[in-house]
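Commentary on secondary and tertiary structure
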Amino acid sequence: MSKTYRNFIAGEWRDAISGETFENRNPANWNEVIGLFPKSGTADVEMAVKAAREGFEGWRLMPAPERGAILKRVGDLMTERKEEIAKNMTREMGKVLAETMGDIQEGIDTAYYAATEGRRMFGHTVPSELPNKFNMSIRVPIGVAGIITPWNFPMAIPTWKIFPALICGNSIVFKPASDTPLTATTFIEIMLEAGIPPKVLNLVHGSGSSVGSPIVNHPDVNLISFTGSSAVGKNLSKEASDTLKRVSLELGGKNAQIVMDDADLDLALEGVLWGAFGTTGQRCTATSRLILHDKVYDKFMDMLVAATKKLRLGDGLKSGVDVGPMVNEGQIETVQKYIKIGQEEGAKLVAGGKPYKEGDCANGWFHEPTILGDVTPEMRVAKEEIFGPVLSVLRINSFEEAIKVLNNTKYGLSSSIYTRDVNQAFKAIRDIEAGITYINGPTIGAEAHMPFGGIKETGNGHREGGWEVYEFYTETKAVFIDYSGKLQRAQIDNY
Ligand code: UN1
């Protein structure tokens, strides 16, 4: 019998009002059911938002450093339970244990960073243009935060959103991806154990249409933070405009690594393997394109194809496995579709190309790491997000051409260049259209205290991580204190 899990709403663990559930299965072995989770809907969301509104009233009045002390305990508990959570995360979404451990560490770092931000939360004091008058701006919480997260970083991404929201004094309605409800449930348990007041946290499991949409449309939800596809993000943005919500969108990517002719090729090889096939390519920041200088093209391709063929596929819990399964059958189908499109457009399949069903992998959603060579900039596989272990390789003859090819996509999340030429590196920092640029490193490698996000159709201008995110979760209030004892009319009495 599979264990049945619940929502956490209004201070209690509850079934969905419908009484229905959905299954959570292991992508490395589809026969293994991890648990049953509540299939919630509008009525559950309604109850969660009401509770969050009540929870907000007390939470917003707690001094931010005290809220920070609770988040510090959250980080400590996550540290204690790191391995156990990581194993369950690998079971529910597939990436290898080293990566799920890293995912939780990203959450721990975010907890400790947010905890100390409670002691800063800076505003400004500036002089008034009138005598005997004091001006300052302060940060105030906004209210109920609707948090909608994907399955590829089941701990890190919820923490990127929920910790800053909490430290700023907001309450939470959280809808995790339905592929990773177990990690989300453990995360809520830990936050409650650390001392976050129950009504401040509300967890509602279910689909985007039946839970996500009611959260986005609810007039009492004040802001939405969403990570997912650009198509969903655009719809969400439209829905949220009816109630003029503040919305932070972290969407698709078509990230590229440039390798120039002067690059350290061994280093660049390690980078592209990690960037393209880590998390089985299922990252917003995955290296989806390799932009390779003509002078090193053949040599580097030989190195790359040989190394890719050595990658070991398997259950991410087993040691020695490099690449875990894809999250579900739908993702395999998308990858297959794009490999076909690429070949029809004239790209050459040089490694992988097929789902993988050998030995222990027979019952999972495994796919061979795949490389498409001779890709040209106008092909769909050079421009569209695939979200799987597929790398498109493009040939360039100069630095200028490399930048032009890199920028030839509607996305702008992460980017990378391998070169030993410092002038070229700085020009790349200036000219690449992306929110993140790595020099001599892969397209992956966010750190909790650095801003994370992209330009163009990757987002709507907000950043997660770093201190920018604390601006998103607060309103700025301008405060004027007149201690002159008389009416002073700005712009009139002083001119
Ligand atoms: C994502 O794929 O949405 O730096 C987040 C990185 C990861 C985070 C990726 N730590 O790529």
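Being a predicted model, the structure only gives us computed values, none of them experimental.

Basis of the calculations
- Per chain, the residues get numbers from 1 upward, laid out in the order the sequence is written.
- Given that this is a predicted model, residues contribute local features only at a pLDDT of at least 70 and side-chain atom pairs are listed and counted only at 80 or more, while totals for whole chains, interfaces and linings are drawn from all residues.
- With hydrogens and water stripped out, all remaining heavy atoms of the structure feed into the side-chain values.
- Strands here are runs of E lasting at least two residues and helices are runs of H or I lasting at least four, both read from the DSSP assignment and numbered beginning at the N terminus.
- Throughout, radius of gyration means the C-alpha value; the globule benchmark is 2.2 Å times the number of residues raised to the power 0.38.
- Partly exposed residues are those whose accessible area sits between 20% and 50% of the maximum for their type, while under 20% is buried and over 50% is exposed, using a 1.4 Å probe and protein chains only.
- The contact definition used throughout considers only heavy atoms, calling two residues in contact when any of these lie within 4.5 Å.
- Throughout, the Shrake-Rupley method with a 1.4 Å probe supplies accessible areas, and for residues the shown protein chains are the sole cover considered.
- Asp and Glu are treated as the negative residues and Lys and Arg as the positive ones, with His and the ends of the chain left uncounted.
- Charge positions come from single atoms, namely NZ of Lys, CZ of Arg, CG of Asp or CD of Glu.
- Consider each residue's heavy atoms; a residue with any of them within 4 Å of a molecule or strand counts as near.
- Definition of a polar contact: a pair of N or O atoms within 3.5 Å, with one able to donate and the other able to accept a hydrogen when the atoms are protein atoms, and with sequence-neighbouring residues admitted only if both atoms are side-chain atoms.
- Classification used: nonpolar for Ala, Val, Leu, Ile, Met, Phe, Trp, Tyr, Cys and Pro, charged for Asp, Glu, Lys and Arg, polar for all others including Gly.
- A domain assignment, automatic or from a database, supplies the domain bounds used here.
- Should a side-chain nitrogen of Lys or Arg be within 4 Å of a carboxyl oxygen of Asp or Glu, the pair is scored as a salt bridge.
- Accessible area that two parts lose when put together, with a 1.4 Å probe and added across both, is what the buried area reports.
- Here the aromatic set is Phe, Tyr and Trp, taking the six-membered ring for Trp, and pairing holds for ring centres within 6.5 Å; pairs whose planes are under 30 degrees apart are stacked, those over 60 apart are edge-to-face, and all others are tilted.
- Working rule: Lys NZ or Arg CZ, within 6 Å of ring centre, within 35 degrees of ring normal, means a charge sits over the ring.
- Working convention: axes come from line fits to C-alpha atoms, limited for helices to the stretch in contact. Angles between N-to-C directions cover 0 to 180 degrees.
- Angles below 35 degrees are treated as roughly parallel, those above 145 as roughly antiparallel, those between 65 and 115 as roughly perpendicular, and all remaining angles as oblique.
- For our purposes a nonpolar core is just a set of buried Ala, Val, Leu, Ile, Met, Phe, Trp, Tyr and Cys residues, chained together by side-chain atoms within 4.5 Å.
- A pair of strands counts as paired when DSSP detects no fewer than two bridges linking them.

**Quick look at the overall build of the chain**
Scanning the chain from N- to C-terminus turns up 15 helices and 23 strands. Here the C-alpha radius of gyration of the chain, 24 Å, is about what a compact globule of 495 residues would show, namely 23 Å. Considered along the principal axes of its C-alpha atoms, the chain spans approximately 80 × 65 × 40 Å. Within the span of the chain, comprising 495 residues, buried residues form 56% of the whole. Taking all contacts inside the chain whose residues are at least 6 apart in sequence as the whole, residues at least 24 apart take part in 73%. For the chain, the computed accessible surface area is about 20200 Å², with 52% contributed by carbon and sulfur atoms. Once the 54 positive and 62 negative side-chain charges of the chain are each reduced to a mean point, those two points are 2 Å apart.

**Here we look at the site of the ligand**
Around the ligand, the structure places Glu-106, Asn-152, Phe-153, Ile-157, Trp-160, Arg-283, Cys-284, Thr-285, Ile-444, Gly-445, Ala-446 and Phe-452. Within the contact set of the ligand, an oxygen atom lies 2.5 Å away from a side-chain nitrogen or oxygen of Thr-285. Contact between the ligand and Ala-446: an oxygen atom at 2.6 Å from a main-chain N or O atom of the residue. For the ligand, whose accessible area on its own is 320 Å², the fraction buried by protein is 97%. Grouping the amino acids of the shell around the ligand by side-chain chemistry returns seven nonpolar, three polar and two charged. Split by domain, the shell around the ligand shows at least three residues from each of two domains, domain 1 (7–251 + 459–478) and domain 2 (255–439).

**Here we look at the pattern of salt bridges**
A complete count under the given rule lists 33 salt bridges for this structure. Of the charged contacts, one joins Arg-246 and Glu-475 as a salt bridge, the two residues approaching to 2.9 Å between their closest N and O atoms. Of this pair, Arg-246 sits in strand β11 (residues 246–250) while Glu-475 is found in strand β23 (residues 474–482), placing the two residues 229 residues apart along the sequence.

**Some words on the domain arrangement of the chain**
On domain assignment, one finds that the chain holds domain 1 (7–251 + 459–478) and domain 2 (255–439). Put simply, the middle of domain 1 and the middle of domain 2, counted by C-alpha atoms, are 31 Å apart. The interface is formed by 23 residues belonging to domain 1 together with 27 residues belonging to domain 2. Buried area between domain 1 and domain 2, both sides added, is near 2000 Å², and the carbon and sulfur share of it is 60%. For domain 1, the biggest contributors to the area lost against domain 2 are Ala-28, Glu-99 and Trp-151; these three give 25% of the whole.

**Points about the packing of aromatic side chains**
Summed over all chains, the structure comprises nine aromatic pairs. Seen in terms of ring centroids, Tyr-5 and Phe-37 are 4.6 Å apart; in terms of plane orientation they differ by 5°. Their pairing is stacked. One end of the pair, Tyr-5, is in the segment before β1 (7–9); the other, Phe-37, is in strand β4 (residues 29–38), with 32 residues separating them in the sequence. Phe-37 shares its class with Tyr-5; the two are buried. Taking the centre distance of 5.3 Å and the plane angle of 65° together, the rings of Trp-30 and Trp-365 count as edge-to-face. Taken together, the residues span a long stretch of sequence, with Trp-30 in strand β4 and Trp-365 in the loop between β15 (355–356) and β16 (366–367) at a distance of 335 residues. An aromatic cluster is present here, built from Tyr-5, Phe-22 and Phe-37 joined pairwise through their rings. Sitting over the ring of Phe-153, Lys-95 keeps its end group 3.6 Å from the ring centre.

**Quick look at the packing of helix α2 (residues 64–80) against helix α5 (residues 156–167)**
Following both chains from N to C, one finds α2 and α5 inclined at 150°, their axes separated by 9 Å at the closest point. With respect to their mutual orientation, α2 and α5 come out roughly antiparallel. Side by side, α2 and α5 meet where Ala-64, Arg-67, Gly-68, Leu-71, Val-74 and Met-78 of the first sit next to Thr-159, Phe-163, Leu-166 and Ile-167 of the second.

**Let's talk about the nonpolar core**
Grouped together as the largest cluster of nonpolar side chains are 50 residues, with contacts concentrated most on Leu-71, Phe-163, Leu-166, Ile-172, Phe-174, Met-191 and Ile-196. In contact with Ile-172, other than residues within four places in its own chain, are Ala-52, Ala-145, Ile-147, Ile-162, Ala-165, Leu-166, Val-200, Leu-201 and Asn-202. Counting residues in hydrophobic clusters, the runner-up holds 30 residues, among them Ala-256, Met-260, Val-375 and Ala-402.

**Description of the environment of Gly-275**
Position of Gly-275 among the secondary structure elements: in helix α9 (residues 265–277). The class for Gly-275 is buried, based on a relative accessible area of 0%.

**Quick word on the pairing of strand β5 (residues 124–127)**
With four bridges joining them, β5 and strand β6 (residues 133–141) adopt antiparallel strand pairing. Bridged to Pro-127 within β6 is Phe-134. Counting the residues in the hairpin turn of β5 and β6 gives five residues, including Asn-132, whose phi is positive at 55°.

**Thoughts on the sheet that holds strand β13 (residues 287–293)**
Reading across from one edge, β14-β17-β18-β13-β12-β20-β21 is the order of the seven strands in this open sheet, with mixed pairing throughout. What marks the edges here is a single partner per strand, and that holds for β14 (348–351) and β21 (436–439). Neighbouring strand axes in the sheet, compared pairwise and without regard to direction, differ in orientation by 25° on average. Two strands pair when backbone bridges link them, and strand β20 (residues 414–418) and β21 are joined in this way by four bridges, in the parallel orientation. Residue Ser-416 lies in a different strand from β21, and its bridge partner there is Tyr-438. Packed on one face of the sheet, helix α10 (residues 294–310) meets β12 (255–259), β13, β14, β17 (370–375) and β18 (390–396) and runs near 140° to β13.

**So, the sheet that holds β23**
Reading across from one edge, β5-β6-β23 is the order of the three strands in this open sheet, with antiparallel pairing throughout. At either end of the open sheet lies a strand with only one pairing partner, and these are β5 and β23. Across this sheet, the average inter-strand angle for adjacent strands is 20°, counted without regard to direction.

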